[in-house]
Amino acid sequence: MIELDNLAYSYGGGELLSDISLRLTPGSFHFLTGPSGAGKTTFLKLCYGALIPTAGQAVLFGQDVREMTRDDVATIRRRIGVVHQDCQFLDHLTVAENIALPLMVSGHDVEAEQQNLGELIAWCGLTHRAGALPPELSGGERQRAALARAVIMSPEVILADEPTGNVDWEMSQRLLALLVELNRMGKTVMIATHDLGLIRAAKSRVQARVLRIAKRRLQLAGADL
Amino acid sequence: MNKRLSPRALAAISPLALLKGEPQADRVVPPTGFTARLTLFAAAAMTFLAVFALALSLATGRMAANWSQELARSSTLRISAPADQIAAQTEAALQVLATTRGVARARALTAEEQQGLLEPWFGPDLPVDSLPIPQLVEIVEDGEGYDAAGLRLRLQAEVPGAVLDDHARWRRPLVRAAERIRALGLLSLLLIGGVMAAMITLAANSALAANAQVIAVLRLVGARDEFIARAFVRRFTFRAFWGAALGMALGLAALLALPQAQAEGGFLTGLGLRGWHWIWPFVLPPVAAAVSFAATRAAARRMLGNLA
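Analysis parameters
- Residues numbered from 1 in each chain as written.
- Chains lettered and ligands numbered in written order.
- Predicted model: local features only at pLDDT ≥ 70, side-chain atom pairs only at ≥ 80, totals over all residues.
- Heavy atoms only, no water.
- Helix = DSSP H or I, 4+ residues; strand = E, 2+ residues; numbered from the N terminus.
- Buried < 20%, exposed > 50% of the residue type's maximum accessible area, 1.4 Å probe, protein only.
- Contact = heavy atoms within 4.5 Å.
- Areas by Shrake-Rupley, 256 points an atom, 1.4 Å probe, with all protein chains shown as cover.
- UniProt positions renumbered as here; feature names shortened; annotations may be inferred.
- Pairing = 2+ DSSP bridges.
- Buried area = accessible area lost by both parts, 1.4 Å probe.
- Salt bridge = Lys/Arg side-chain N within 4 Å of Asp/Glu carboxyl O.
- Polar contact = N/O pair within 3.5 Å; in protein donor to acceptor, adjacent residues only side chain to side chain.
- Core = buried A, V, L, I, M, F, W, Y, C linked by side-chain atoms within 4.5 Å.
- Axes fitted to C-alpha atoms, helices over the stretch in contact; angles between N-to-C directions.

As named in an unreviewed UniProt entry, chain B is Cell division ABC transporter subunit FtsX, taken from Pseudooceanicola marinus.

The name given to chain A in an unreviewed UniProt entry is Cell division ATP-binding protein FtsE, with the source organism recorded as Pseudooceanicola marinus.

### What to know about the overall build of chain B
Regarding its fold elements, chain B presents 11 helices and four strands. Within chain B, buried positions represent 44% of all 308 residues. Long-range contacts, defined here as pairs at least 24 residues apart, represent 84% of the contacts in chain B between residues at least 6 apart. When the accessible area of chain B is evaluated, it comes to approximately 16,400 Å², of which 65% is carbon and sulfur surface.

### Comments concerning the UniProt feature "transmembrane region" (unreviewed entry) in chain B
Residues and elements named next belong to chain B. Here, the residues flagged by UniProt with the feature "transmembrane region" (unreviewed entry) are residues 39–59, 181–200, 206–224, 236–258 and 278–300. Overall, residues 181–200 shows 100% helix and 0% strand. The separation of its end C-alpha atoms is 28 Å. Split by type, residues 236–258 is 96% helix and 0% strand. Its first and last C-alpha atoms lie 33 Å apart.

### What about the pairing of strand β9 (residues 208–214) of chain A?
Residues and elements named next belong to chain A. Sheet topology note: the strand β3 (residues 29–33)/β9 ladder contains five bridges and is parallel. From the neighbouring strand, His-30 faces β9, where its bridge partner is Arg-209. Bridging between β9 and strand β10 (residues 217–220) involves four bridges; their strand directions are antiparallel. Counterpart to Ile-213 in the pairing with β10 is Leu-218. With antiparallel pairing between neighbouring strands as the criterion, β9 and β10 make up a hairpin whose turn holds two residues, including Lys-215 at a positive phi of roughly 50°.

### What to know about the interface of chain B and chain A
In this assembly, 26 residues from chain B lie in contact with 30 residues from chain A. Surface buried jointly by chain B and chain A totals about 2,700 Å² across both partners, of which 55% is contributed by carbon and sulfur atoms. Counting every contact that joins chain B to chain A gives two salt bridges. Here B:Asp225 and A:Arg70 are joined by a salt bridge, their closest N and O atoms 2.4 Å apart. Counting the contacts that link chain B with chain A gives 10 residue pairs in polar contact (both at pLDDT 80 or more). For the side of chain B that touches chain A, the elements supplying multiple residues, two or more each, are α3 (23–27), α9 (212–220) and α10 (225–257) of chain B.

### Section: the UniProt feature "domain: ABC transporter" (unreviewed entry) in chain A
Mapped onto the present numbering, the UniProt feature "domain: ABC transporter" (unreviewed entry) falls on residues 2–221 of chain A. Helix makes up 33% of residues 2–221 of chain A and strand 26%, and the two end C-alpha atoms of the span are 20 Å apart.

### Some details on the nonpolar core
Core analysis: the largest hydrophobic core is formed by 93 residues, its most contacted members being A:Phe31, A:Ile99, A:Leu101 and B:Leu218. Looking at this core element by element, the count peaks at 11 residues for α10(B). Residues contacting A:Leu101, with those up to four places away along its chain left out, are A:Leu90, A:Leu93, B:Val28, B:Val217, B:Leu218 and B:Val221. If you look at the next biggest cluster of nonpolar residues, it comprises 36 residues, including A:Leu17, A:Cys47, A:Ile76 and A:Val157.

### Quick look at the sheet that holds β3(A)
Residues and elements named next belong to chain A. Pairing in this open sheet of six strands is mixed, and the strands run β6-β7-β8-β3-β9-β10 from one edge to the other. Among the strands making up the open sheet, the edge pair consists of β6 (80–83) and β10. Across the sheet, the axes of successive neighbouring strands diverge by a mean angle of 20°, strand direction being ignored. Direction of pairing for β3 relative to strand β8 (residues 188–192): parallel, over a ladder of four bridges. Among the inter-strand pairings, Leu-32 is bridged to a residue of β8, identified as Ala-192. Along the sheet face, helix α6 (residues 139–151) touches β6 and β7 (157–161) and points at about 170° away from the line of β6.

See the structure below:
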């Protein structure tokens, strides 16, 4: 689904990532770790077509990123759910409408999906907040709303960038539980985090592989974590 | 990342697709009171001005046409002579005119016609017969026209009391002036359209810039450029349309409040619209909507094309 081959990415001056090869297989669960500024967010952006590699190849669902039009990228986003650390919403729409936004922009009939929407909101524990506006949410509620929005189109891949960065331990456990559950439903999950505790907590519940970005390269971390 | 809009995306933001509408798409752009009011105001003000530019062009065009038609190849001979010689001199003048090259017809006006011409100045009760009023002769030129200087010389010799009034020649500059004013009116219309396009482009740019976060969120959740552009384009098109409709209504009301055209009032009271010309102002709101559509679409395309 996502194949990176000898990929490199450099900002104006220096190279941030180089020689990266990775093949995400359906149903896999990955953690992506590394020091701050190592390029975790950049790596995720390369995975959902927000950035184009400066060298090498990124193939998303069989399409080379370089050959995609802006519309192709938009269509791919419907198959890859993304959760950002500082998740952004449309602040004038309610939480429920924000969660339904991917349906709306892809031309689905939101009314017809009301039941699914309600179930998803309940699954994320946001039922009592469905009518609230995003600025009224707490950090954990925002993250769960972002996760709900990322999965409403039933994407095959979920990429989460520091989803537990702004929330307390208990909330991070709830988020992890939601992501693990999604993985059990067959979704491919990749979580970028520098929170080793979270990775350890996940190890007992799911078969996760840990990737580490160090010295511009992507390495498979040992079992010592 | 710098990728062009696909042809399909462009087709989708065509006017027809726009009219079909997608009310859902409208909601994703937060309501922006201030830009909305500015756009409405700009469209209304510009259309109000456009109504007058239009009325001016149409009225001067009509005047130029009337003047050139009425005065086309016509002139007047005025014969002032003692009462007992008038008839003889008129006869002589008609003889001269009949043998002048370039004169198609010449006809002495009847007493009733002359009285009709004087009526607006002296009233209907004037005993014209008792006054030494000059006899008027209407001359209609043929295609080639006559030699005015030569005719004057001949008349001087044979009909000493005759004065040739070649009014086509003094009214020609008026017709030319009217045509100039008309051209200026049309130019004003173009400028008004251009200014409106510029204002709406600025408003759309500021709306797009102010909503950068909205656009980023929409892109993230998989919205195509057509969807995002349409949300903005629809808004501005409808705003411009309703603004223009308001401006047009006010402009028409102002035109209706102008004094009616009257023969005595000359051309100043003829500035309103007449007959089927009243249709033209109603063309302005759709034109404003089209201008706004094109301006916003161009702005949205430019902006989205530069986004990641």
